Amino acid sequence: MVRVQSVAPKSLGADLGLTPGTELISVNGRELTDFLDWEFLTADDRFALLVRMPEGEEIEFDIERPEGLPMGVELVPPRVRRCGNRCDFCFVDGLPQGLRDPLYVRDDDYRLSFRHGNFATLTNLKRSDVGRILEYRLSPLYVSVHATDPVVRRRLLRNPRAPAIIPQLQMLAAGGISFHTQIVLQPGVNDGRVLVKSLEDLDALGDAVLSVAVVPVGLTEFSKHKLVRAPTKEECSKTVELVVEFAERTRSRRGLHWVHGSDELYLRAGVALPHAEAYGDFEQVENGVGSVRYLRQKIAHGANRLPRLDGLTIGVMTGTAMGALMPQILPDLEARTGGRFTLTVLENTLFGPSVTTAGLLPGSVFREALSAGRELDMALLPAEALNDHQRFVDDMTFTAVAEGARAEVHSSYDFVDVLAAER
């Protein structure tokens, strides 16, 4: 069932009299099942829409959409397709109690893969799902491959019914679907020769596989440590060598570095990051691939918008992973602005020190650092640590964190977004 959550003023939906709670039944006689049907079937300039108003009255509208006028209808969020796998390294299993409720949802939804870039395993696809993917050309999809060997993949997913991934990708690719893929590296299981075979199999799919990210498994204090462990420095180093070798081998044919190690993989290996050119369009930056190079590039592109900050002290707060890499970034900002940038590296007190990404830092550690820290003119917090409702992973609000600070506090993705506004 598809229902209206809100309607924007001065939109087509408002002109029709649609209100919150209105059920959207069908378009051109075709039943609506979710937001995909709604978006694709109402994309035409003219269509028939059948609705059921909150009072129970059914109305069919013959709609002729004026050019440029949006429907302006926001839908009640769909029920998320849950994950049927039980990976030893599952993020949800590594969560403590008391966090935001949505964090405990094991999603494995191809629709969210297309819409938001969420990685899905495709293990729960029905025939009807495949039909919708092909009909609506839901491309690219973001796919968690982990291993192309069916036996190894089923072991990693703890799912004996998981279908072989390569035939799935071949079928979808034949219908014009492309993929960004990831391999979460579990040492002793899908590294070494298994990883080589996975890369070879994905490469054989040709241009349909747009990129491959190799990411070391991330564990918290609450993860299943008896079943899975983090890779050692030596294991990460060997994996980096393998990734670089494979990327160079395929570059002449593909014209780009097609397989990438995440920044975390390089950091654990103690190996310098590749140059920015190796990451192409930074297609997997949200997955921690090329984050540092992307940030430096954003700063360089926004350099002409940066104001002079002479005499000001700006505090930068981040996690231990980016903290080790920030010395490559902050000197550029100081040279361009004249400001003094100080770095505060925060350890994750919620998940444990093994969780190093800034995006999973709880609000409590920022609040403590801001209230007890040095005198600052401005403090910048990583925006990726906040959700759309401005809440941290421990459900603390940005407002609550900033209240006790001795400085003006901002959340920032790339420094330029906040500093340029100070001009």
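Check the entry above for the structure.
To start, this report covers the structure provided alongside it.

What counts as what
Residues numbered from 1 in each chain as written. Predicted model: local features only at pLDDT ≥ 70, side-chain atom pairs only at ≥ 80, totals over all residues. Heavy atoms only, no water. Pairing = 2+ DSSP bridges. Helix = DSSP H or I, 4+ residues; strand = E, 2+ residues; numbered from the N terminus. Axes fitted to C-alpha atoms, helices over the stretch in contact; angles between N-to-C directions. Parallel < 35°, antiparallel > 145°, perpendicular 65-115°, else oblique. Left-handed = near helix turned anticlockwise from the far one by under 90°. Contact = heavy atoms within 4.5 Å. Nonpolar A, V, L, I, M, F, W, Y, C, P; charged D, E, K, R; others polar. Buried < 20%, exposed > 50% of the residue type's maximum accessible area, 1.4 Å probe, protein only. Core = buried A, V, L, I, M, F, W, Y, C linked by side-chain atoms within 4.5 Å. Lys, Arg positive; Asp, Glu negative; His and termini not counted. Salt bridge = Lys/Arg side-chain N within 4 Å of Asp/Glu carboxyl O. Polar contact = N/O pair within 3.5 Å; in protein donor to acceptor, adjacent residues only side chain to side chain. 1 Å grid on protein atoms, 1.4 Å probe; cavity = no way out; pocket = protein on both sides within 12 Å on 5 of 7 lines; lining within 4 Å. Points joined across faces, edges and corners; volume = space filled by probe spheres on them. Phe/Tyr/Trp six-rings, centres within 6.5 Å; stacked < 30°, edge-to-face > 60°.

## Section: the sheet that holds strand 13 (residues 378–382)
Here we have four strands laid out as an open sheet, ordered 12-11-13-14, and parallel in their pairing. Among the strands making up the open sheet, the edge pair consists of strand 12 (340–346) and strand 14 (408–412). Strand-to-strand twist of the sheet, defined as the mean angle between neighbouring strand axes without regard to direction, takes the value 25 degrees. Strand direction decides the pairing type here: strand 11 (residues 313–319) and strand 13, joined by three bridges, are parallel.

## A few points about the packing of helix 7 (residues 192–203) against helix 8 (residues 233–254)
Running from amino to carboxyl end, helix 7 crosses helix 8 at an angle of 20 degrees, the nearest separation of the two axes being 11 Å. One element, helix 7, and the other, helix 8, form an angle in the roughly parallel class. Crossing hand, helix 7 versus helix 8: right-handed. Only Thr-239, Leu-242, Phe-246, Arg-249, Thr-250, Arg-253 and Arg-254 of helix 8 make contact with helix 7, whose side of the interface consists of Gly-192, Leu-195, Val-196, Leu-199, Glu-200, Leu-202 and Asp-203. For the contact of helix 7 with helix 8, a count of residues per class yields six nonpolar, three polar and five charged.

## Some thoughts on the pairing of strand 2 (residues 23–27)
Residues in a regular strand point their side chains to alternate faces of the sheet. Of all five residues in strand 2, five are buried, a share of seventy percent or more. With two bridges joining them, strand 1 (residues 2–7) and strand 2 adopt antiparallel strand pairing. Bridging across to strand 2, Val-2 finds its partner in Leu-24. Summarising the sheet, strand 2 and strand 4 (residues 46–52) pair through four bridges and their orientation is antiparallel. Opposite Ser-26, over in strand 4, you have Leu-50 as the bridge partner. Both strand 2 and strand 3 (residues 30–31) contribute to a ladder of two bridges, which runs antiparallel.

## A short note on the nonpolar core
One finds Leu-24, Phe-179, Leu-202, Val-259 and Phe-415 to be the most contacted residues of the largest nonpolar core, which totals 88 residues. Per-element tally for this core: the top contributor is helix 8, with six residues.

## Side note on the side chain of Thr-337
Relative to the elements of secondary structure, Thr-337 occurs in helix 12 (residues 330–337). According to the relative accessible area criterion, Thr-337 is buried, its value standing at 0%. The residues contacting Thr-337, other than those within four sequence positions of it, are Leu-306, Pro-307, Arg-308, Leu-309 and Asp-310.

## Some thoughts on the pairing of strand 8 (residues 179–185)
In terms of burial, strand 8 is largely enclosed, as seven of its seven residues are buried. Residues of strand 8 alternate between two faces, with Phe-179, Thr-181, Ile-183 and Leu-185 on one and His-180, Gln-182 and Val-184 on the opposite face, all of them buried. In this structure, strand 7 (residues 141–144) lies alongside strand 8, joined through four bridges in parallel fashion. Looking across to strand 8, one finds that Val-143 is bridged to Thr-181. Relative to strand 9 (residues 209–216), strand 8 runs parallel, the two being bridged by seven bridges.

## Some remarks on the side chain of Arg-293
As for its position among the elements, Arg-293 is in helix 10 (residues 291–301). Of the side chains bearing the opposite charge, Asp-263 lies closest to the buried Arg-293, which forms no salt bridge; the N-O distance is 7.4 Å. Here the side chain of Arg-293 touches Leu-273 through a polar contact of 3.1 Å, landing on its backbone oxygen. Apart from the residues within four sequence positions on either side, Arg-293 is in contact with Leu-273, Pro-274, His-275, Ala-276, Tyr-279, Phe-282 and Gln-328.

## Side note on empty space enclosed by the protein
The full count for this structure, using the stated rule, is one cavity of 30 Å³ or more. Considering only enclosed or pocket space, the largest cavity measures out at about 60 Å³ in volume. Forming the walls of the largest cavity are Ser-211, His-260, Tyr-279, Phe-282, Glu-283, Gln-284, Val-285 and Val-289. Considering only residue class, the lining of the largest cavity consists of four nonpolar, three polar and one charged.

## Quick notes on the pattern of salt bridges
One pass over the structure, following the stated rule, counts 26 salt bridges. A salt bridge links Arg-254 to Asp-203; the shortest N-O distance between them is 3.0 Å. Placement of the pair is Arg-254 in helix 8 and Asp-203 in helix 7, with a sequence separation of 51 residues. A relative accessible area of 18% means that Arg-254 is categorised as buried. Owing to a relative accessible area of 12%, Asp-203 belongs among the buried residues under this scheme. Arg-268 is paired through a salt bridge with Glu-264; the nearest N and O atoms lie 3.0 Å apart. Taken as a pair, Arg-268 and Glu-264 lie in helix 9 (residues 263–269) at a separation of four residues, close to a single helical turn. Within this structure, Asp-34, Asp-37, Asp-109, Arg-111 and Arg-132 form a network of salt bridges that share partners.

## Quick notes on the packing of aromatic side chains
In the structure shown here, the tally under the stated rule is six aromatic pairs. Consider the rings of Phe-40 and Tyr-136, whose centres lie 4.5 Å apart with planes at 5 degrees: the pair is stacked. Here Phe-40, found in helix 2 (residues 35–41), pairs with Tyr-136, found in the loop between helix 4 (127–135) and strand 7; they are 96 residues apart in sequence, far enough to count as distant. Plain terms: the ring middles of Tyr-279 and Phe-282 are 5.7 Å apart, the flat faces sit at 20 degrees to each other, and that makes the pair stacked. Just as Tyr-279 is buried, Phe-282 falls in that class too. Through a chain of ring-to-ring contacts, the aromatic side chains of Tyr-279, Phe-282 and Tyr-294 assemble into a single cluster.

Don't take any of this as a statement about function, it's just geometry.
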